[in-house]
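Close look at the chain arrangement
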Amino acid sequence: MAQDQLKHTALHSVHAKLGARFTDFGGWDMPLKYTSELDEHRAVREAVGVFDLSHMGEVWVRGPQAAEFLDYALISKLSAVKVGKAKYSMICTESGGIIDDLISYRIEENTYLVVPNAGNIDNVVSALQERAGAFDVDVEDKSAKTSMIAVQGPKAAEAMVEIVENVVEAPEASGAGSTVTEAIAGLGYYAAFEGIVAGQPVLVARTGYTGEDGFEIIVNNDAAQDVWDKALAEATRLGGLPCGLACRDTLRLEAGMPLYGNELSLKLTPVDAGLGVLAATKSKDSFVGRDAIMAAKDKGTEQTLIGLSGEGRRAARGGYAVMAGDKKIGEVTSGALSPTLGHPVAMAYVSKSAVTSGAAAEGAEVEVDIRGKRLPFTVVALPFYSREK
């Protein structure tokens with residue numbers, strides 16, 4: 001997309017002043033890195049990093065039938081989510097193809113906040129609005145008016161105690177207490193509370209995409225800079241950095257987290273991606289894509305997502321062929337030289353037959369064709385990295 005056609009977040013000028021290098025991501029001009037992606041990656045693994053995630057969507061679903069509607073529109077049982085909690089799920093087509101993976105927060109009994117990925121906002125909103133016809137709900141896309149700032153890393157909670165000024169409302173299910181210290185310490189994973197940061201009302205959630213402890217702050221655009229400035233000041237005090245999309249990608253890859261467009265797509269079902277467990281096929285009689293996902297569960301898939309670990313310094317990139325002897329058995333979806341582990345890691349889809357025959361079973365040796373040179377990789381379990389808890 002041409003540079004002048006890219007969307008800007010409310011913090012774009014702030015990133016430019018910090019010296020960020022930008023990249024096109026889902027039609028948004030986003031910070032790729034500020035100085036060194038390796039330094040930013042290590043900051044998140046060892047201290048704390050601050051990310052602008054304002055390209056993500058924010059779609060509000062309200063009404064007496066909000067829970068019933070989302071049970072139908074998404075593959076998981078959102079009605080079972082308690083107020084103050086969130087759930088990772090997917091929205092699929094009738095044929096089971098993944099439109100997007102997303103997080104849905106239950107803010108009140110009849111109010112949910114659905115957060116889709118940047119490049120899929122329009123598709124998700126369109127699908128939700130189309131599916132809402134038979135339900136007493138209102139679907140409101142506030143993505144263009146909303147910002148999201150992530151604070152991620154082992155020192156994230158320590159930073160958040162200073163970033164958050166007050167707790168406005170903390171639902172019992174969230175685990176958050178009434179004071180800021182209690183709220184941050186007690187906030188469960190995939191839980192949220194309403195608070196005040198830089199004098200502005202925000203939603204604070206314990207979620208992230210880095211494999212570390214972390215929080216995401218959702219705020220109106222007009223208050224985004226004040227929140228960013230306070231978050232970055234606290235992160236800097238603790239040895240942290242502003243972080244771009246380059247390190248976010250290596251962080252999520254190490255943590256074995258799928259990326260839409262790489263491990264997830266309209267051509268794949270949740271079962272293909274090894275995430276069929278998200279589909280509530282036993283507890284829900286009807287949702288969009290149920291029959292196709294049930295069939296995929298019953299029949300099994302023709303491909304399996306695996307982890308690959310290599311040696312040396314050459315990374316296997318998306319699209320590279322995975323070989324067993326002279327036979328191509330699959331293709332890399334994401335790959336990089338892991339800054340944390342010091343060697344190449346990758347995720348790849350390989351044929352189910354390659355797994356069942358042992359050619360691509362855990363522990364097997366395969367090769368990846370890296371620009372005409374075949375290099376050895378070992379099939380390993382995902383994730384590649386797990387934080388100490």
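Residues numbered from 1 in each chain as written. Predicted model: local features only at pLDDT ≥ 70, side-chain atom pairs only at ≥ 80, totals over all residues. Heavy atoms only, no water.

According to the domain assignment, the protein chain contains domain 1 (11-56 + 145-254) and domain 2 (302-388). The gap between the C-alpha centroids of domain 1 and domain 2 is 32 Å. On the side of domain 2, 13 residues touch domain 1, which itself brings 10 residues to the contact. Carbon and sulfur atoms supply 59% of the area buried between domain 1 and domain 2, which totals about 1000 Å² over both sides. Three residues, Arg252, Leu253 and Glu254, lead the burial of domain 1 against domain 2; their summed loss comes to 55% of the area buried on that side. In this assembly, domain 1 and domain 2 are joined by zero salt bridges. On inspection of domain 1 and its partner domain 2, the count reaches eight residue pairs in polar contact (both at pLDDT 80 or more). At the level of elements, α2 (37-46) and α8 (245-254) are the ones that each hand at least two residues to the side of domain 1 that touches domain 2. (Domains from an automatic or database assignment. Contact = heavy atoms within 4.5 Å. Buried area = accessible area lost by both parts, 1.4 Å probe. Salt bridge = Lys/Arg side-chain N within 4 Å of Asp/Glu carboxyl O. Polar contact = N/O pair within 3.5 Å; in protein donor to acceptor, adjacent residues only side chain to side chain. Helix = DSSP H or I, 4+ residues; strand = E, 2+ residues; numbered from the N terminus.)

It is worth spelling out the UniProt feature "binding site: substrate" (unreviewed entry) in the protein chain at this point. Residues annotated in UniProt with the feature "binding site: substrate" (unreviewed entry) correspond here to Glu216. Relative to the helices and strands, glutamate 216 is located in strand β13 (residues 214-220). Discounting residues that sit within four places of it in the chain, glutamate 216 has contacts with Leu53, Tyr105, Met148, Ile149, Ala150, Gln152, Leu203, Val204, Ala205, Thr207 and Gly208. (UniProt positions renumbered as here; feature names shortened; annotations may be inferred.)

So, about the UniProt feature "domain: Aminomethyltransferase C-terminal" (unreviewed entry) in the protein chain. The sites that UniProt annotates as "domain: Aminomethyltransferase C-terminal" (unreviewed entry) are residues 305-385. Within the segment residues 305-385, helix and strand shares are 6% and 53% respectively, and the terminal C-alpha atoms sit 17 Å apart.

Burial analysis of helix α3 (residues 66-73) places six of its eight residues in the buried class, which makes it a mostly covered element. Inspection of α3 places Ala66, Ala67, Phe69, Leu70, Asp71 and Ala73 among the buried residues, and these make up the whole buried set. Looking at the buried side of α3, the elements it contacts are β4 (59-62), β5 (86-92), β6 (98-108), β7 (111-115), α4 (121-131) and β8 (138-141). (Buried < 20%, exposed > 50% of the residue type's maximum accessible area, 1.4 Å probe, protein only.)

With that out of the way, let us pick up the packing of aromatic side chains. Tallied over the entire structure, the rule returns three aromatic pairs. For the ring pair tyrosine 72 and phenylalanine 135, a centre distance of 5.6 Å and an interplane angle of 35° mean the geometry is tilted. Taken as a pair, tyrosine 72 in helix α3 and phenylalanine 135 in the loop between α4 and β8 lie far apart in primary sequence, 63 residues in all. Owing to a relative accessible area of 27%, tyrosine 72 belongs among the partly exposed residues under this scheme. According to the relative accessible area criterion, phenylalanine 135 is buried, its value standing at 17%. Taken together, the ring pairs connect Phe69, Tyr72 and Phe135 into an aromatic cluster. (Phe/Tyr/Trp six-rings, centres within 6.5 Å; stacked < 30°, edge-to-face > 60°.)

Okay, the sheet that holds strand β17 (residues 327-337) next. Spatial ordering of the closed barrel is given by β15-β18-β17-β16-β19-β20, a layout of six strands whose pairing is antiparallel. If you compare each strand with its neighbour and ignore which way they point, the axes differ by 45° on average. Looking at chain direction, strand β16 (residues 321-324) and strand β19 (residues 365-370) are connected through two bridges and run antiparallel. Bridging across to β19, methionine 323 finds its partner in glutamate 367. (Pairing = 2+ DSSP bridges. Axes fitted to C-alpha atoms, helices over the stretch in contact; angles between N-to-C directions.)

Core analysis: the largest hydrophobic core is formed by 43 residues, its most contacted members being Phe51, Ile75, Tyr88, Met90, Tyr105 and Leu113. Listing elements by their share of this core, those giving two or more residues are β5, β6, β7, β9 (146-152), β12 (200-205), α8, α9 (290-299) and β18 (344-351). When residues of this core are sorted by domain, at least three fall in each of domain 1 (11-56 + 145-254) and domain 2 (302-388). Tyrosine 105 has contacts with Lys85, Ala86, Thr111, Tyr112, Leu113, Val115, Ala192, Ala205, Thr207 and Glu216, leaving out every residue within four places of it along the chain. (Core = buried A, V, L, I, M, F, W, Y, C linked by side-chain atoms within 4.5 Å.)

A word on unusual backbone geometry. Of the consecutive residues leucine 382 and proline 383, the connecting peptide bond is found in the cis state with omega at 0°. Its place among the elements puts proline 383 in the segment after β20 (373-380). One non-glycine residue with positive phi stands out, namely tyrosine 190, at about 60°. Classification of tyrosine 190 by relative accessible area gives buried; the value is 15%. Unlike most non-glycine residues, alanine 198 shows phi in positive territory, near 55°. Accessibility expressed as a relative area gives 23% for alanine 198, which makes it partly exposed.

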